[in-house]
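Fold and contact review
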Amino acid sequence: MFALPAPLVSLVQAACTDDIARRLRRQLERDLERLGGIADAGTWLRDVGDSAVAALTARGSASGAELSEDEPRLRTQLIYAPDKSYGGPQNITSRVLMLLSADGLIVRGHRRGGWSSGQFTWYPAAAWLNSHADGIDASSARAELARRWLLTFGPAPASDLQWWAGWTGAQTKAALAALPVIDVEMDGQPCVMLADDDDLDDEPA
């Protein structure tokens, strides 16, 4: 888990999390069509999501069970691995709520019950955060996030940045190309660093 100041949420949303949300949405739409027999799963899922966000906004905060009372389609069941002992029907509630969270629309709050409980309190994102990703270009956001990362962790291999951000190789290369970086060698491996960050002490304390 990575913690960051609230003002950076919109930056990370555009740089990283929007891609995660798109992947989660594609996966759930595929399962809704294949396992749930729902035609036009994309439209159906968007409608369910909008309804769940509206219900959460009206309540102010809610658990998944409470939101399922307001939007019964959250109780839609998909049967996973029917021929396996670990398979069986599962509600889509958690997957939809995690998707809405990845979309930056809702925020998961405290766990209800003990540490092993899977029940959480959810809030509209606006209740916790004053920023939103609208209008931020993804490429610019990735470049700025790379700059901030290199200020803290550079010099470092570009592959470390790629892993940390969850980017593709092409996204990482493009983000670094937008910055004034230089290639250096650290411990025998190629690394990158910001060009104006090269006044390092040869023997730091």
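Residues numbered from 1 in each chain as written. Predicted model: local features only at pLDDT ≥ 70, side-chain atom pairs only at ≥ 80, totals over all residues. Heavy atoms only, no water.

**A closer look at the overall build of the protein**
Broken down by element type, the protein carries eight helices and six strands. In the protein, the succession of α and β elements from N to C terminus is α-α-α-β-β-α-β-β-α-α-α-α-β-β. Computed over its C-alpha atoms, the radius of gyration of the protein comes to 21 Å, more than 25% above the 17 Å expected for a compact globule of 205 residues. Its C-alpha atoms give the protein principal-axis dimensions of about 60 × 40 × 35 Å. A buried classification covers 37% of the 205 residues belonging to the protein. Taking the intrachain contacts of the protein between residues at least 6 apart in sequence as the baseline, contacts between residues at least 24 apart amount to 51%. (Helix = DSSP H or I, 4+ residues; strand = E, 2+ residues; numbered from the N terminus. Rg over C-alpha atoms; globule rule 2.2 N^0.38 Å. Buried < 20%, exposed > 50% of the residue type's maximum accessible area, 1.4 Å probe, protein only. Contact = heavy atoms within 4.5 Å.)

**Thoughts on unusual backbone geometry**
Between Gly154 and Pro155 the backbone carries a cis peptide bond, its omega angle lying at -5°. In this fold, Pro155 is placed in the loop between α6 (138-153) and α7 (158-165). Unlike most non-glycine residues, Asp40 shows phi in positive territory, near 50°. Relative to the helices and strands, Asp40 resides in the loop between α1 (9-34) and α2 (41-59). You will see that Asp187, though not glycine, has its phi angle at about 50°, which is positive. Checked against the element boundaries, Asp187 lands in the loop between β5 (181-186) and β6 (189-194). On the accessibility criterion, Asp187 (80% relative accessible area) is exposed.

Structural measurements only, silent on function.
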